[in-house]
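Analysis of the macromolecular model
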Amino acid sequence: MDKFRMIFQFFQSNQESFMNGICGIMALASTQMYSAFDFNCPCLPHYNLAYGLGILLVPPFILFLLGFVLNNNISMLAEEWRRPRGRRGKDAAVLRYMFCSMAQRAMIAPAVWLSVTLLDGKCITCAFCTSVPVGSLGNASHPRLSQGEIQRLLARIPCKDIYTGQQLIANEVAVRYLRCISQALGWCFVLLMTTLAFLVRSLRPCFSQAAFLKSRYWSHYIDIERKLFDETCAEHARSFAKVCIQQFFESMSKDLVATHCHLPRKAPADAGEAAEKLLGITDQGTMNMALKSWHRCKPPLHLHPPALPTGNGWAGEGQPPSHPSAPRRETAAYYSWV
Amino acid sequence: MDRFRMIFQYFQSNSESVMNGICGLLALASVKMYSTFDFSCPCLPRYNMAYGLGIMFVPPIILFLCGLILNRQSLVMLEEWRRPPGCRKKDLAVIRYMCSSIMQRAMVAPVVWIVVTLLDGKCLICAFSGSVDPKKFVGFANVSTEQVQQLLAKVPCKDDELMRNSTSRKAVSRYLRCWSQALGWSILLILIIAAFLARWLRPCFNQATLLQARHWSNYIDIEQKIFEETCCEHSRLFAHKCILHFFESMRQEIKLHSFSLPREGEGAEGEEDLLQGITDQDQVNKLLKTWYYEKPPLDVS
């Protein structure tokens, strides 16, 4: 148990840093994704806006959901939310704490994507190039073109090689203008997010510290309890399986005794454990029969109490009748003994 | 417990160095951010000033707030400031000490950004190209006043078609860059002298109070860490007991309902103890169902 205890404590003390690590990795992954992504503005009047805003807003949504999916605690939260009341009340504050801490971590990667996109400028340039103020930035003396033609010309601003509206408005001027707006938006967004994070973090001790300590303790408790329960069940399953298999082998050897009148020779004392471990199955034919029996009819999931040395039975030593009758003749033999 | 002791000693001796490390990382991050940031001056009359000064001052605010958020001690200080006095008096000197050390560390990254920006020069050229006196430069001296603003605004953009080979543009650019770098180096010099004086003169004033404040601020930090560790340990033990009680109560229930006494003799194998009397598929299923539908109460008395 000592090893388990140390491992649990490590995870507990480091669970927060583990989640922070995942959070940081996702933020790095989102910057990497952005730089690997090959941005291709369509340079057509209505498609630009859709493409630009799509690239700006859809990946953050995906990253947000991914942040929840990768968080192990989401299933814990769902379980705690949906469980029947039973003998233990539910505390809404704990659920809120768990949800808030998960949501905060999941918001980091989308925020990074949005900031990087805005600071780079390509998306906004693509999306809003048709809204550039031609009157103030461009050539007012240019011969009048229809609105549609102007839109088509302006839509080509992000694609420098096919841009033909140099007389209307210089490409570099428009790109610089749009990029300046985009970067200003980006920095404002980052400032806003940082201010929000700062306020959330620093106002909490001023207002609800006691409630916070309580929620944090119980949310850690629920997590630890779930892990310990899983561990205990795994240990139980292991013991169950061990005893079940042992009983299976014992019943096989008793079966052989009953049908073949084949007394397992009691090994001399010095052969010791090895002979015991063989459980009376000492030749190839017998082993093959045991393996076949294991495959054809596995024993029921019901462990017998171990054999009494004196054979003194007691009332109540009965099989629960609800069990599927396994074809085990030795069962009857066992109980006829009593 | 030995391991805990070693870990605690590590944290105690290194809590200052952890914070210094974070501070240094933020400073490096600010330099990296500046070099990866693609500075593009809009080269338009009113936008230049807004853009240039914005890039010079908004990221430092962000870096300052980040420095406060990432510093664990700021939370500790806030908690100490806002807690009810209870049985323990509050010492304002300790809170002031913690506050000043947090602020000093948080100011490093913004200062690095501002200094790097000034030494590089692009921001100042962008912001103040429209404010130079055009009469000092040959290319702009004879231009009308409406035009001159437009032309000066285009100075930061080297590749603009009007400015590509203009010697006056280069002259204005060099002039502004010289001012920018002078400002940058002066700020750096002043700050380093101030830090030097503060560090050297501090022992002359109130050394005893300082030692006390530092000791108690370390103490508060460690106390909080140990409290959290103890809570974790406690919740683990609580959960352990709760689960054992649960298995025990399931065993009793099974005993009551099915009259099959689990064997508890000397002959019992060690595994039987671990099985806790639950030896049947139905019993296991019932246990798991009960765990979901009726979790045991949080009471291990």
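Going by the annotation in an unreviewed UniProt entry, the name recorded for chain B is CAHM3 protein, with Thryothorus ludovicianus given as the source organism. Comment text from UniProt for chain B, heading Subcellular location (unreviewed entry), reads "Membrane". You can read under Sequence similarities (unreviewed entry) in the UniProt record for chain B the words "Belongs to the CALHM family."

Per an unreviewed UniProt entry, chain A goes by CAHM1 protein and derives from Thryothorus ludovicianus. Heading Subcellular location (unreviewed entry) of the UniProt record for chain A holds this comment: "Membrane". Of the comments in the UniProt record for chain A, the one headed Sequence similarities (unreviewed entry) reads "Belongs to the CALHM family."

Section: the environment of Cys242(B)
Locating Cys242(B) in the fold gives a position in helix α10 (residues 207-258). Note: C-alpha distance between Cys242(B) and Ala29(B) (213 residues apart in sequence) is 47 Å. For Cys242(B), the contacting residues outside a window of four places in its chain are Arg88(A), Tyr221(A), Glu225(A), Pro296(B), Pro297(B) and Val300(B).

Here we look at empty space enclosed by the protein
Residue and element names in this part refer to chain A. A complete count under the given rule lists 4 cavities of 30 Å³ or more for this structure. Lining the second largest cavity we find Met 19, Ile 22, Cys 23, Met 26, Gly 67, Leu 70, Asn 71, Met 102, Arg 105, Ala 106 and Ala 109. Of all the secondary-structure elements, those providing two or more residues to the lining of the second largest cavity are α1 (2-36) and α4 (92-106). When residues of the lining of the second largest cavity are assigned to their parent elements, the largest contribution, 4 residues, is made by α1. Class assignment of the residues belonging to the lining of the second largest cavity gives a composition of 8 nonpolar, 2 polar and 1 charged.

Re the packing of helix α2 (residues 47-69) of chain A against helix α5 (residues 108-120) of chain A
Residues and elements named next belong to chain A. Two elements in contact, α2 and α5, have axes separated by 8 Å at closest approach and are oriented at 160°. Considered as vectors, α2 and α5 are oriented roughly antiparallel to each other. α5 is crossed by α2, and the crossing has right-handed handedness. Only Ala 109, Pro 110, Trp 113, Leu 114, Thr 117 and Leu 118 of α5 make contact with α2, whose side of the interface consists of Ile 55, Leu 56, Leu 57, Pro 59, Pro 60, Leu 63 and Phe 64.

Some thoughts on the domain arrangement of chain A
All names here are of chain A. When the domains of chain A are assigned, the result is domain 1 (1-207) and domain 2 (209-259). Computed from C-alpha coordinates alone, the two centres of domain 1 and domain 2 are separated by 44 Å. Each side of the interface is counted separately: domain 1 has 21 residues, and domain 2 has 18 residues. Surface buried jointly by domain 1 and domain 2 totals about 1,700 Å² across both partners, of which 59% is contributed by carbon and sulfur atoms. Applying the counting rule to domain 1 against domain 2 returns 2 salt bridges.

With respect to the pattern of salt bridges
If you walk through the whole model with that rule in mind, you get 14 salt bridges over all chains. Asp38(B) is the partner of Arg179(A) in a salt bridge, and the nearest nitrogen-oxygen pair spans 3.1 Å. Placement of the pair is Arg179(A) in helix α9 (residues 171-207) and Asp38(B) in the loop between α1 (2-36) and α2 (47-70), with the two residues belonging to separate chains. Judged by relative accessible area, which is 37%, Asp38(B) ranks as partly exposed. Across the pair Glu233(B) and Arg236(B) runs a salt bridge whose closest N-O atoms are separated by 3.8 Å. Taken as a pair, Glu233(B) and Arg236(B) lie in helix α10 at a separation of 3 residues, close to a single helical turn. Under the relative-accessibility criterion, Glu233(B) is labelled partly exposed at 24%. For Arg236(B), a relative accessible area of 4% gives the class buried. Ionic contacts of the salt-bridge type, sharing partners, join the residues Arg72(B), Asp221(B) and Lys225(B) into one network.

Here's the deal with the state of the cysteines
All names here are of chain A. Summed over all chains, the structure comprises 4 disulfides over all chains. In this model, Cys 43 is linked to Cys 159 through a disulfide, with the two sulfur atoms separated by 1.7 Å. When the S-S torsion is 90°, as for the bridge of Cys 43 with Cys 159, the disulfide is right-handed. You can see Cys 43 sitting in the loop between α1 and α2 and its partner Cys 159 sitting in the loop between α8 (147-155) and α9, a full 116 residues away along the chain. Both residues of the pair, Cys 43 and Cys 159, belong to the buried class. Taking only the cysteines that form disulfides and numbering them from first to last, chain B has the pattern 1-3, 2-4. Counting only cysteine sulfurs, Cys 126 is the nearest neighbor of Cys 123, a cysteine outside any disulfide, at a range of 7.2 Å.

Criteria and cut-off values
- Residues numbered from 1 in each chain as written.
- Chains lettered and ligands numbered in written order.
- Predicted model: local features only at pLDDT ≥ 70, side-chain atom pairs only at ≥ 80, totals over all residues.
- Heavy atoms only, no water.
- UniProt positions renumbered as here; feature names shortened; annotations may be inferred.
- Helix = DSSP H or I, 4+ residues; strand = E, 2+ residues; numbered from the N terminus.
- Contact = heavy atoms within 4.5 Å.
- 1 Å grid on protein atoms, 1.4 Å probe; cavity = no way out; pocket = protein on both sides within 12 Å on 5 of 7 lines; lining within 4 Å.
- Points joined across faces, edges and corners; volume = space filled by probe spheres on them.
- Nonpolar A, V, L, I, M, F, W, Y, C, P; charged D, E, K, R; others polar.
- Axes fitted to C-alpha atoms, helices over the stretch in contact; angles between N-to-C directions.
- Parallel < 35°, antiparallel > 145°, perpendicular 65-115°, else oblique.
- Left-handed = near helix turned anticlockwise from the far one by under 90°.
- Domains from an automatic or database assignment.
- Buried area = accessible area lost by both parts, 1.4 Å probe.
- Salt bridge = Lys/Arg side-chain N within 4 Å of Asp/Glu carboxyl O.
- Buried < 20%, exposed > 50% of the residue type's maximum accessible area, 1.4 Å probe, protein only.
- Disulfide = S-S within 2.5 Å.

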